[in-house]
Amino acid sequence: MTFSGGEPFLRGDLPDIVLSAVRICQPAVVNIPTNGWFTKRVVAGVERICTGSPGTQVVINLSIDHHVPERHDVIRGAEGSYTRLMDTLAGLRALNMPNLTVGVHTVVSNENEADFPAIAQGLSKLGADSYIAEPAEERVELQTIGTGITPGSSTFGRAAAAVLDAEAAASGAVARMARTIRNEYYARVTRFLDGDVTAMPVCHAGFLSVHIGADGDVWSCCVLARSFGNLREHGFDFRKVWFSPAAEEFRTWMRERRCACPLANAAYTNLLAEPAAAVRMATGMVKAPKRIPVVASSGA
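The shown structure was predicted, so the numbers you read here are calculated from the model rather than taken from an experiment. (Residues numbered from 1 in each chain as written. Predicted model: local features only at pLDDT ≥ 70, side-chain atom pairs only at ≥ 80, totals over all residues. Heavy atoms only, no water.)

**Examining the sheet that holds strand β3 (residues 100–108)**
The strands that make up a sheet pair up through hydrogen bonds in the backbone, lying either parallel or antiparallel.
So, step 1. If you walk across this open sheet you meet the four strands as β1-β2-β3-β4, and the pairing is parallel. Unpaired on one side and paired on the other, β1 (29–34) and β4 (130–135) mark the two borders of the sheet. Between one strand axis and the next, the sheet turns through 30° on average, direction left out of account.
So, step 2. Both β1 and strand β2 (residues 57–63) contribute to a ladder of six bridges, which runs parallel. From the neighbouring strand, Pro-33 faces β2, where its bridge partner is Asn-61.
So, step 3. Contacts from helix α4 (residues 81–95) reach β2 and β3, with the element oriented near 160° to β2. (Pairing = 2+ DSSP bridges. Helix = DSSP H or I, 4+ residues; strand = E, 2+ residues; numbered from the N terminus. Axes fitted to C-alpha atoms, helices over the stretch in contact; angles between N-to-C directions. Contact = heavy atoms within 4.5 Å.)

So this is what it looks like as structure tokens:
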């Protein structure tokens, strides 16, 4: 389960929400991205979440756009952002909770794509448990439609290769699993950005994954923003929305393979549901995977 935003920790009751979800749904992993602005609130909230859910792996991904503090602050549009992020990173690392993974996450966009691999080399040295990246996308929920923020295939391929190189020294089962999945994901995204829409696996958004908005709307995913219905209008009974006529209409549409995008949350689920990709990733769990080249293809 991913609890995303905006900034999730703007909500003072975020720990209550997460712990309720853990108690009812019992997810193996909870992922929360944050800009790290509210250091004390993030650290205290994460400590409470980890303590209250010992059987769940809690992953906190700090969003950092650049290894140069001034450039990060400019991209974020908030002076002092980088300093606050470093304070939050230090606070989270000091918790030393057994079920806590602290990652660093960069969105590759037209604001920073030219500065890779230096960004990956710089941020991978911060002492986080993992370093990941994904391409910026035009989404309804982020109000970025028509902004042109998505990077080109060659620049994203260069960034992805740098991230994989930075992660090469990571150890442990979780790190190996993450690196193997990203290896597959980055290669496909690079091909997709180069125009090969068949590069992404068949999408199971609305079948195996779903996006629930803060207002109760149940979307297939946050890119299409197609609603199956609102939980508030159905007595918070998820099944009534999940099996609604609107949901079945969407699934009929999806079966005709009308949609493909590089959305990471959906793509990871899709890859695990694709037999050939699942076998490759399982193999990568027990031995060092042969890196799939993340370079621009010659075309679709």
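**Observations concerning empty space enclosed by the protein**
So, step 1. In the structure shown here, the tally under the stated rule is one cavity of 30 Å³ or more.
So, step 2. Volume-wise, the largest cavity comes out at about 100 Å³.
So, step 3. Residue assignment for the lining of the largest cavity shows that the elements contributing at least two residues are α9 (245–255) and α10 (264–272).
So, step 4. Per-element accounting of the lining of the largest cavity gives the leading share, three residues, to α10.
So, step 5. Considering only residue class, the lining of the largest cavity consists of 14 nonpolar, one polar and no charged. (1 Å grid on protein atoms, 1.4 Å probe; cavity = no way out; pocket = protein on both sides within 12 Å on 5 of 7 lines; lining within 4 Å. Points joined across faces, edges and corners; volume = space filled by probe spheres on them. Nonpolar A, V, L, I, M, F, W, Y, C, P; charged D, E, K, R; others polar.)

**Re the pattern of salt bridges**
So, step 1. The tally for this structure, following the rule as stated, stands at eight salt bridges.
So, step 2. A salt bridge links Asp-13 to Arg-11, with the shortest nitrogen-to-oxygen separation between them at 2.9 Å.
So, step 3. Under the relative-accessibility criterion, Arg-11 is labelled partly exposed at 44%.
So, step 4. Its salt-bridge partner being Arg-191, residue Asp-196 comes within 3.1 Å of it at the nearest N-O pair.
So, step 5. With a relative accessible area of 9%, Asp-196 lands in the buried category.
So, step 6. Linked by salt bridges that have partners in common, Glu-184, Arg-188 and Glu-274 make up one network. (Salt bridge = Lys/Arg side-chain N within 4 Å of Asp/Glu carboxyl O. Buried < 20%, exposed > 50% of the residue type's maximum accessible area, 1.4 Å probe, protein only.)

**Considerations on helix α2 (residues 39–52)**
So, step 1. Helix length check: α2, at 14 residues, gives a terminal C-alpha distance of 20 Å against a target of 20 Å (1.5 Å per residue), a fit within 8%.
So, step 2. Within α2, the full set of buried residues consists of Val-42, Val-43, Gly-45, Val-46, Ile-49 and Cys-50. (Expected span 1.5 Å × (residues − 1).)

**Notes on the confidence of the model for the protein**
So, step 1. When pLDDT is averaged along the protein, the result is 85, and 90% of the positions lie at 70 or above.
So, step 2. When mean pLDDT is taken per element in the protein, α2 scores highest with 98 and helix α11 (residues 275–286) scores lowest with 72.
So, step 3. Between residues 288–300, whose pLDDT stays under 50, and residues either more than four places distant or in other chains, the model counts 30 contacts. (pLDDT = per-residue confidence, 0-100.)

**Brief notes about the nonpolar core**
So, step 1. In terms of nonpolar packing, the biggest core is built from 52 residues, with Ile-32, Val-46, Leu-92, Leu-100 and Tyr-186 touching the most fellow members.
So, step 2. Counting residues per element, this core draws most heavily on helix α6 (residues 153–166), which supplies six residues.
So, step 3. Setting aside residues up to four positions removed in sequence, Leu-92 forms contacts with Val-42, Val-43, Val-46, Ile-60, Leu-62, Leu-100 and Val-102.
So, step 4. Counting 18 residues, the second largest nonpolar core, distinct from the first, contains Cys-203, Val-218, Trp-242 and Phe-250. (Core = buried A, V, L, I, M, F, W, Y, C linked by side-chain atoms within 4.5 Å.)

**A short note on the packing of aromatic side chains**
Ring pairs (aromatic) are described by centroid distance and by the angle formed between their planes.
So, step 1. Using the criterion set out here, one finds seven aromatic pairs in the structure.
So, step 2. Note on Phe-156 and Tyr-186: the rings are 6.0 Å apart at their centroids and 75° apart in plane angle, and the pair reads as edge-to-face. Pair noted here: Phe-156 is in helix α6 and Tyr-186 is in helix α7 (residues 173–193), with a separation of 30 residues, a long-range link.
So, step 3. What makes Phe-156 buried here is its relative accessible area of 1%.
So, step 4. For Tyr-186, a relative accessible area of 0% puts it in the buried group.
So, step 5. Site record: aromatic cluster; members linked through ring pairs are Phe-228, Phe-238, Trp-242, Phe-250 and Trp-253.
So, step 6. When the ring centre of Trp-37 is taken as reference, the NZ or CZ atom of Arg-84 above it lies at 3.9 Å.
So, step 7. Between Arg-226 and the ring centre of Trp-253, over which it is positioned, the NZ or CZ distance is 5.0 Å. (Phe/Tyr/Trp six-rings, centres within 6.5 Å; stacked < 30°, edge-to-face > 60°. Lys NZ or Arg CZ within 6 Å of the ring centre and 35° of its normal.)

**Structural notes on the pairing of β2**
As a general feature of sheets, a regular strand has side chains that alternate between the two faces.
So, step 1. Burial analysis of β2 places six of its seven residues in the buried class, the great majority of the element.
So, step 2. For the crossover from β1 across α2 to β2, the handedness is right-handed. (Right-handed = clockwise from strand over helix to strand, strands pointing away.)

**Comments concerning the side chain of His-105**
So, step 1. Mapped onto the secondary structure, His-105 falls in strand β3.
So, step 2. Beyond its immediate stretch of four places on either side in the chain, His-105 contacts Asn-61, Leu-62, Ser-63, Ile-64, Ile-132, Ala-133 and Glu-134.

**Examining the sheet that holds strand β6 (residues 217–219)**
So, step 1. In spatial order, the strands read β5-β6-β7; together these three strands make up an open sheet with antiparallel pairing. Whereas interior strands pair on both sides, the edge strands pair on one side only; in this sheet they are β5 (211–212) and β7 (227–230).
So, step 2. Of the strand pairs in this sheet, β5 and β6 are connected by two bridges, and their pairing is antiparallel. From the neighbouring strand, Ile-212 faces β6, where its bridge partner is Val-218.

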